Amino acid sequence: MHLFILVLGLTAGGSGLFLYKALVLNFPLIPRARTNLWNVEARVTFIARNRPVKVSLYLPRNSKRLVIMDENFISRGYGLTTTNQTQDGNRQAVWSKRKARGQQSLYYSSVVRQAEVKEPVARLKPPDTEFPKFEGPYLEAAESLIAEIREQSADLDSLVAELMKRLNKPQPDSNVALLIGKQALPAKKVEVAVRVLSHAGIPGRVVQGIRLVQQKRDAPLLQWLEVHHGNVWKSYDPVTGEAGVSDDYLAWWRGTDPMGNIKGGNKLRIEIAVSLNQEAAISSAIERGRIVSPFFVDFSLFSLPIQTQAVYRVLLLVPVGAFLLVVFRNVIGVKTFGTFMPILIALAFRETQLLWGIVLFSLVVALGLSIRFYLDRLKLILAPRLGSVLIVVVLLMASLSVVTHHLGLERGLSVALFPMVILTMTIERMSIVWEERGASEALQQGAGSLVIAAIAYLIMTVSYVEHLAFVFPELLLVLLAGTLLLGRYTGYRLLELHRFKALVKEQP
Amino acid sequence: MFGLAKQLAEIGVLGLNRRNAEYTLKYNKRRLYPLVDDKLCTKQLAEEARMAVPELYGVVEAAYQIRHLPEVLKQHTDFVIKPARGSGGEGILAISGRLKEMYRQTNGALMSQEELNHHILNVLSGIYSLGGQPDKVLIESLVRFDPLFEEVSYQGVPDIRIIVFLGIPTMAMVRLPTRMSGGKANLHQGAIGAGIDIGTGKTLMAVWRNDIVEEHPDTGNKIAGLKIPGWETLLELAARCYDLTGLGYQGVDIVLDKGKGPLILELNARPGLNIQIANRAGLLPRLKLVEKNHKKLASVAERVSFAKEHVSTLS
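This structure is a prediction, so every number in the text was calculated from the model and none was measured.

A short note on unusual backbone geometry
Not every positive phi belongs to a glycine, and Asn50(A) is a case in point at roughly 60°. With respect to the secondary-structure elements, Asn50(A) resides in strand 1 (residues 34-59). Here Arg280(B), not a glycine, exhibits a phi torsion of approximately 55°, which is positive.

Describing the environment of Pro28(A)
All names here are of chain A. Inspection of the secondary structure assignment puts Pro-28 in the loop between helix 1 (2-24) and strand 1. Looking at Pro-28, the number of C-beta atoms within 10 Å reads 17, which means it is partly exposed. When the C-alpha atoms of Pro-28 and His-467 are compared, they prove to be 9.2 Å apart, with 439 residues separating the residues in sequence.

Here we look at the interface of chain B and chain A
Much of the literature gives interface size as the accessible area that the parts lose upon coming together. Taken together, the contact pairs 28 residues of chain B with 23 residues of chain A. Listed by contribution, the elements that provide at least two residues to the side of chain B that touches chain A are helix 1 (2-11), helix 2 (16-27), helix 6 (113-124) and helix 8 (275-279) of chain B. A per-class count over the side of chain B that touches chain A returns 14 nonpolar, ten polar and four charged.

Observations regarding the sheet that holds strand 13 (residues 261-268) of chain B
Residue and element names in this part refer to chain B. Read across the open sheet, the seven strands follow the order 11-10-9-8-7-12-13; overall the sheet is antiparallel. Since the sheet does not close on itself, it has two edges, and those belong to strand 11 (211-213) and strand 13, each with one partner. Averaged over all neighbouring strand pairs, the angle between strand axes comes to 30°, with direction disregarded. Relative to strand 9 (residues 192-196), strand 8 (residues 168-176) runs antiparallel, the two sharing five bridges. From the neighbouring strand, Ala-172 faces strand 9, where its bridge partner is Ile-196.

Description of the sheet that holds strand 7 (residues 222-229) of chain A
Residues and elements named next belong to chain A. Reading across the sheet, the four strands line up as 8-7-5-9 and stay open at both edges, with antiparallel pairing between neighbours. Both edges of this open sheet fall to strand 8 (232-236) and strand 9 (249-254), since each of them pairs with a single strand only. This sheet shows a mean twist of 40° between the axes of neighbouring strands, independent of strand direction. Judged from the six bridges that link them, strand 5 (residues 204-211) and strand 7 form a sheet pairing that is antiparallel. When the sheet's bridge partners are listed, Val-206 is paired in strand 7 with Leu-225. Contacts between helix 5 (residues 186-199) and the sheet are confined to strand 5 and strand 7, with strand 5 contributing the most and set at about 155° to the helix.

What counts and what doesn't
For every chain, the first residue of the written sequence is number 1, and numbering continues from 1 along that sequence. Chain A is the first chain written and ligand 1 is the first ligand written, with later ones labelled in order. In view of the model being predicted, local features appear only for residues whose pLDDT reaches at least 70, and side-chain atom pairs are presented and counted only at 80 or more, with totals across whole chains, interfaces and linings using the full set of residues. Counting from the N terminus, the helices are the DSSP runs of H or I reaching at least four residues and the strands are the DSSP runs of E reaching at least two. Neighbour counting defines burial: a residue surrounded by 20 or more other C-beta atoms within 10 Å of its own C-beta is buried, one with 12 or fewer is exposed, and intermediate counts give partly exposed, using backbone-placed C-beta atoms. Distance between backbone-placed C-beta atoms decides contact: two residues are in contact if it is within 7 Å. Three classes are used, and their members are as follows: Ala, Val, Leu, Ile, Met, Phe, Trp, Tyr, Cys and Pro are nonpolar, Asp, Glu, Lys and Arg are charged, and the others, Gly among them, are polar. In this description, strands pair whenever DSSP reports at least two bridges between them. Lines fitted to C-alpha atoms define the axes, with helix axes restricted to the stretch in contact, and inter-axis angles between N-to-C directions lie between 0 and 180 degrees.

Everything listed here is a matter of coordinates, which is why it stays silent on function.
Printed below as a string of structure tokens:
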């Protein structure tokens, strides 16, 4: 019972943390997955008139799908203040300088990543409509337009869709044409839509932003329509009138104000540049994690120095191998040297690759074993005997390396990295079993160890497994739970079935 | 495959995992293991409790003692040399007599004093001990085994293994050496195992390498139906081993000496499961029966009679 609670707790904790990291923080489940991120830059140029200068610029804000990070302002000699909440609910930067003269350039740059962030988008009250009321013929046109679209719609979505359809017609009817005016720019159409909706008692606003594309200098502003409905802002595509917002749309600011303003200068020009920049998904997940829940990132393996991380990449595979070994020994019933020798051998294989590793391993063990048997005739006691075997193994490996090098087999050199302690211990164990239980038992155990080591190696080198173990070490808790459960496994081992088969045959 | 597992479970065959988890781990305290892993220790315990064991002539614990060996051995014409921590009958040397300066082994081969010393040195260095630990050498009396099994063994000493659970004998078999097992009484080395009916002490059918055999493959004599003399004494001896070591689940190995009767050879804290094959029965029903009833049974006599009456009727 106690065990069950423990196992349940471990499983719940491990998988809960795993799910949180995978689903909420978006830690990638697949190694080397890449996510998109964009470098966004706004270049503000103007001519100063040797007077105090004040330049304001709206700044983008985090949305549900896009996270803004690494913000930078390049503005030599200017004082900078940023506000996260202006009166109209936007973010704004204000540069100011006592005296400036001639052509000036200021920069704002940031990195935008895709993410699923649960940051509440600022809950704004429906604003007092910022637009003047319709008057005269405009009022009539607006009212008849509203009456028409009300007639042909059932709810808000269809109402907006109907409105946008009319506004976007190549040959708009007279009401619409009157409202839009001569310059039928998209921005104007969205503005009209907001005014019409406000008149109908539905608060709306214009969103200004850009499309995140591969590469674009002087990216055009693109408007979006937002309608306040049921305490939240709903987005609508201004062209199709469909609800929602496209994934690559970066909202910059809300309202119809210009992006920037200047006092004490003129010829203000703002240019936005976008460029796509790919990076490993994992590092962007870490960055996102820093924002959403810093604790997990600061106290994870990623906070360690790179070299230490590399060690843990290998070390965290040992539990996977251990679990495998437990299954092989207690469920299948394979005989091995010692309890965890096969895992150590599997780790040694990482240095040499599998096939070559098996060849080298068998070769060195066979040679070492014959030397051990020779040493046996000298009747040595344990420690000196082990020491002598170790010395001989080192010499064997050195000569193997020299020989293979001269034969032009570069692979042989990797034997030097082959952990020699593992070899020595294997030789020692094998010789003991050989003497106590005979050659067949020793060879059986040797083969069993080698097979399990090979399987463990194959599984441990799947990059997917390595990735999961390193990025989601909490999964090891689940593994631990499984191992604990196996500790109470009292069923038959697979090979036992074969052993006791004779018992079944005779029973009626 | 699952069908097979199900059938085995129905018979009540005990698997290794279950033996470890529910019997050895539960009933055998780790600190008691040295008592049975070191045969010298077991022997001393048994002697203190006045239980029959082969007589100890001497112990060699270090290489320098070998010099005095001939003096010790002079007093005995026959003896056995065995490692204290050996397993599976490895490293045992049985000397049945002398020829001038040479020792004669039970299999007829002659051995010089020097060769004998060499063997003892090997044992001391731990060749036969579990894990290669340095070892001790026991010199004890040679068992002159009862002629009962002479017809059905090939060299070596046939021994009787009794599983004693919580002081109650639960299953027994006799292990008969064959030519294939090299005179060793080890089932997986090719010895024959024959189950023994706990109630009567009569041998049942025999199993040789997973096959049922009627006759000994080397001597051609019938195995089943042999009655072990003094079976009750054997059961008592086995049952007392529980009080001796405190190990709840143990295997007791007994030999029958022509003159001295049953002698305890060694105890085992992790007895193998092959005894089930030799008996053609699973251990589990018997173990469960014992678990249910052992608290009522205090004395050795009660436990033995319970075994004879109830355990044997289960199959």
